[in-house]
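# Overview (structure and organization)
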Amino acid sequence: MPSKEPRTELDARYSSAGAVATSWSDAVRQLKAAELFWISTVRPDGRPHVTPLPAVWLDGALYFCTGPQERKARNLAANPETVLTTGVNLWDKGHDLVVEGAAVRITDEDRLRRLAVAWEDKYGSFWHYEVRDGCFHHGPGHAYVFEVAPRTAFGFGKGEPFSQTRWRFTDTREEA
């Protein structure tokens, strides 16, 4: 499991003079508040696939759900590496975040119940899920839930000063 506090680095090559690195705590606040993320996965033939989805930040990771037959779920079955992106669709205002990591399917029903509450708290009753059989259930369908613990993340401050921050997370298994 990655550590909670990453190594933080400002990349001066892509930052304005006088820019400072964005703190991880500021990035986490943005991840918690963001309503829309773009997920990038890789199809089995190597072509990229990108689509928008809601996600929640909880216990140091991003969580999203998808139907088992959707393209992103099928891509993740072949290659769990993914990128989740959120931010502002302007070049000179706001802050964008990119989170890289492996998507791991969550089937523990106690965790899924906590996540179902988090989804409804964040997005409202439209996103009410029942939990059973290791999935979220909503209406006639069900969805797999995935966790992406950040391995590396990037923050892009837009507007003066422009900044690029990289956060690197340590896998505690590597330290042993």
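Description of the structure in this document.

Parameters and conventions
- Residues numbered from 1 in each chain as written.
- Predicted model: local features only at pLDDT ≥ 70, side-chain atom pairs only at ≥ 80, totals over all residues.
- Heavy atoms only, no water.
- Helix = DSSP H or I, 4+ residues; strand = E, 2+ residues; numbered from the N terminus.
- Buried < 20%, exposed > 50% of the residue type's maximum accessible area, 1.4 Å probe, protein only.
- Contact = heavy atoms within 4.5 Å.
- Salt bridge = Lys/Arg side-chain N within 4 Å of Asp/Glu carboxyl O.
- Patch = residues over 30% accessible without salt bridge, like charges linked within 9 Å, V, L, I, M, F, W, Y side chains within 5 Å.
- Areas by Shrake-Rupley, 256 points an atom, 1.4 Å probe, with all protein chains shown as cover.
- Polar contact = N/O pair within 3.5 Å; in protein donor to acceptor, adjacent residues only side chain to side chain.
- Arc of directions from axis to C-beta.
- Core = buried A, V, L, I, M, F, W, Y, C linked by side-chain atoms within 4.5 Å.
- Expected span 1.5 Å × (residues − 1).

A few words now on the side chain of Ser163. You can see Ser163 is positioned in strand β12 (residues 163-168). Residue Ser163 is classed as buried on the basis of its relative accessible area of 9%. Sequence-distant contacts of Ser163, that is, excluding residues within four places in its chain, are made with Leu10, Tyr14, Ser15, Ala19, Val20, Thr22, Gly155, Phe156 and Gly157.

As enumerated under the stated definition, the model contains 12 salt bridges in all. For Arg166, the salt bridge identified is with Glu9, shortest N-O distance 3.4 Å. Taken together, the residues Arg166 in strand β12 and Glu9 in strand β1 (residues 7-10) connect sequence positions 157 residues apart. We classify Glu9 as partly exposed; its relative accessible area is 28%. Glu70 serves as the salt-bridge partner of Lys72, at 2.7 Å between the closest nitrogen and oxygen. Here Lys72 falls in the buried class, since its relative accessible area comes to 8%. Put simply, Glu9, Arg166 and Arg168 are held in one network by salt bridges that share partners.

With that settled, the discussion passes to a nonpolar patch on the surface. Taken together, the side chains of Leu36, Trp38 and Val50 define a hydrophobic patch exposed on the protein surface, amounting to about 290 Å² of accessible area. Residue position: Trp38 is located in strand β2 (residues 37-42). On the basis of relative accessible area, Trp38 is assigned to the partly exposed category, the value being 40%.

Once that is clear, we can look at the side chain of Thr82. Relative to the helices and strands, Thr82 resides in strand β6 (residues 81-86). Residue classification places Thr82 among the buried positions, given a relative accessible area of 3%. Among the polar contacts listed, one links the side chain of Thr82 to the backbone oxygen of Ser40, at a separation of 2.9 Å. Beyond its immediate chain neighbours, meaning those up to four positions away, Thr82 contacts Ile39, Ser40, Thr41, Leu76, Val99, Glu100, Gly101, Ala103 and Val148.

Every buried residue of helix α1 (residues 24-33) is accounted for by Trp24, Ala27, Val28 and Leu31. Each buried residue of α1 sits inside an arc of 100° when the element is viewed along its axis, so together they form one side. For α1, exposure combined with an orientation more than 90 degrees from the buried face picks out Arg29 and Ala33.

In terms of nonpolar packing, the biggest core is built from 22 residues, with Trp24, Leu31, Phe37, Leu62, Phe64 and Leu84 touching the most fellow members. Broken down by secondary-structure element, the contributors of at least two residues to this core are α1, β2, β5 (61-66), β7 (95-106) and β10 (141-148). Sort the elements by how many residues they give to this core and α1 lands first, with four residues.

Mapping Ser25 onto the fold places it in helix α1. Along the primary structure Ser25 and Glu5 are separated by 20 residues, whereas in three dimensions their C-alpha atoms are 9.0 Å apart.

For the rest of this paragraph, the subject is helix α3 (residues 109-123). Its 15 residues give α3 an end-to-end C-alpha distance of 20 Å, which sits within 8% of 21 Å, the value for a rise of 1.5 Å per residue. Every buried residue of α3 is accounted for by Leu112, Leu115, Ala116, Ala118, Trp119 and Tyr123. Considered in projection along α3, the buried side chains sweep an arc of 165° and stay on one side of the axis. Seen from the open side of α3, the exposed residues pointing more than 90 degrees away from its buried face are Asp110 and Asp121.

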